[in-house]
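Per-entry structural report
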Amino acid sequence: YPTSVLETGSDLLFFWVARMVMLGQQLTGRLPFSQVLLHSLVRDTHGRKMSKSLGNVIDPRDVIAGASLQELQDKLHRRILDPHELTVAAEGQRRQFPHGIPECGTDALRMALCSHNVHGDDIRLDVGTALSYRRFCNKIWNAVKFVLAALGPRFVPQPSEETVPQRPMDRWVLSQLAQAVAECGRRMEALEVHGAVAAVHHFWLRSFCDVYLETAKPALRDPGAGDETRRTLLSCAELGLRLLAPFAPFLAEELWQRLPRAAPAPPTLCLAPFPDAARLAHWRCPEVEAEVAAVQEVVRAARGLRDLFRLGAARPPVAVRCPAEARDWLEALGPALQTLAQVGPLQLLPLGAEPSPGAEPELGPGWVGAPAGPDTHVYLCLRGLVDPAAAQAQLRARSRSLRRHLETLGGAQGPPSQQQVATLRSELARLTRALETLDPPGDPNTQ
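Residues numbered from 1 in each chain as written. Predicted model: local features only at pLDDT ≥ 70, side-chain atom pairs only at ≥ 80, totals over all residues. Heavy atoms only, no water.

An unreviewed UniProt entry lists the protein chain under the name valine--tRNA ligase, with Grus japonensis given as the organism.

Some points on the confidence of the model for the protein chain
Predicted coordinates in regions of low pLDDT should not be interpreted in detail. The cut-off we apply is this: Confidence of the predictor in every single residue is expressed as pLDDT, which spans 0 to 100. The numbering of helices and of strands both runs from the N terminus, where a helix is a DSSP run of H or I of at least 4 residues and a strand a run of E of at least 2. Note on definitions: a residue-residue contact is assigned when non-hydrogen atoms from the two residues lie within 4.5 Å.
When pLDDT is averaged across the protein chain, the result is 88; 92% of the residues are at 70 or more. Of all helices and strands in the protein chain, the one with the weakest mean pLDDT is helix α15 (residues 415–438) (76), whereas helix α10 (residues 249–256) scores best (98). In this model residues 358–363 is a low-confidence stretch, pLDDT under 50, and it forms eight contacts with partners more than four residues away in sequence or in other chains. A low-confidence stretch, residues 440–447 stays under pLDDT 50, and its non-local contacts, those more than four residues away or across chains, total five contacts.

Overview of the environment of W329
Which entries qualify depends on this criterion: Exposure classes here rest on a 1.4 Å probe applied to the protein chains alone. A residue is buried below 20% of its type maximum, exposed above 50%, and partly exposed in between.
For W329, the location among the structural elements is in helix α12 (residues 324–332). By relative accessible area, W329 is classed as partly exposed at 21%. Between the alpha carbons of W329 and V292 there is a distance of 9.0 Å; along the sequence they are 37 residues apart. W329 has contacts with E291, A294 and V295, leaving out every residue within four places of it along the chain.

What about the nonpolar core?
Heads up, the condition is: Only buried Ala, Val, Leu, Ile, Met, Phe, Trp, Tyr and Cys residues count toward a nonpolar core, and they belong to the same one when joined by side-chain atoms within 4.5 Å.
Formed by 109 residues in total, the largest nonpolar core has its most connected members in I140, W204, F208, L233, L241, L244 and F309. Ranked by residue count, the leading element in this core is helix α8 (residues 193–220), at 13 residues. Not counting the four nearest positions on each side in its chain, L241 is found in contact with I140, V144, W204, A252, L255, W256, L259 and L269.

Considerations on unusual backbone geometry
Residue A263 is joined to P264 through a cis peptide bond whose omega torsion reads -5°. Inspection of the secondary structure assignment puts P264 in the loop between α10 and α11 (286–308). Even without a glycine there, the phi angle at Q342 is positive, about 55°. With respect to the helices, strands and loops of the structure, Q342 is situated in the loop between α13 (334–341) and β6 (346–349).

If you want it as structure tokens, here you go:
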């Protein structure tokens, strides 16, 4: 027998699975598989069982290649249905797919199905989920395209597992990759495919594309750090595609074939070994992960201030007030912080100090701040970028709008409303802090 696990729907347990077991034992004297993974029933977006008479049956080929509403309706009319059922089914299609089904591709559909917890409730298949995974696949394509451009034609590859970086962001992303490999392996051993997909998705999207690629762009321009960054980029792309292969085999194979590989290399990704967590254990670095996580909190706070005051493409000076023990690693991660937060010159301040335009730390007008974790505060300099009076008027108008919205939700019940109220209150507190910064208590112009 080629496999040891059978995956099927629970509705086929006695119709097909039991017959396979009895026939296998009768003919060979051995069980055809030792485990059976029963996935949940696949239903439509509204939780209804897929039925031809309801018109909610989704043909996988339509999700892969796309289909207009007219094409879906034509297929429906080719089926043998009662006239009343045909009318109901056609109306159901028009409501569910008013613009047809967009082309998503095979890998996106596979990942959308694998992302559901098969051990839980029924799976509600939403074409929108497949569409979001098509965008994810496109993101991976563009990421590997960037890696290939960064490597150039003269790059000499080495085995991916042998990369030993020194820069903190290189060490961080490889530590994230090793963690994703371990989590994916653990989830697959437990037959929790959705957890494995989530680990792969988080590494590629949140760690590699959203963070590391952005910090790698300026590093590639540094002659002293460029080679190390290129080796790290290749290790992440090559091992990341091997990790992705079970869930998006066509995309992974196509991109893997384009990467330079150290000899001897298998001719196809199908023959390449799956990433082994034990071989990547030397990449794990909890200290650097904690430091980068703290930097990401600073980045979120700085981006929040940029969004609050609508700074656009401007890169204002930034100051971070932090404990003395954080200064060394914040200084080492300063270029990454500036890139991710889209800010200018960085100064680090001891606890109790305020940012200043000059050498001496003194409270200067035009700086706004926000908390970024315990004992850490972020300041942006808005001088010359924001008109204080116009900013105050804008913030007050937004605060009044939020208060009115909160009043309308005052009597609402249920978790969704409570969550919305908590979000609005958090935003209102943020606006209030910004107003206090621009118009401190005691100012004679305070209204």
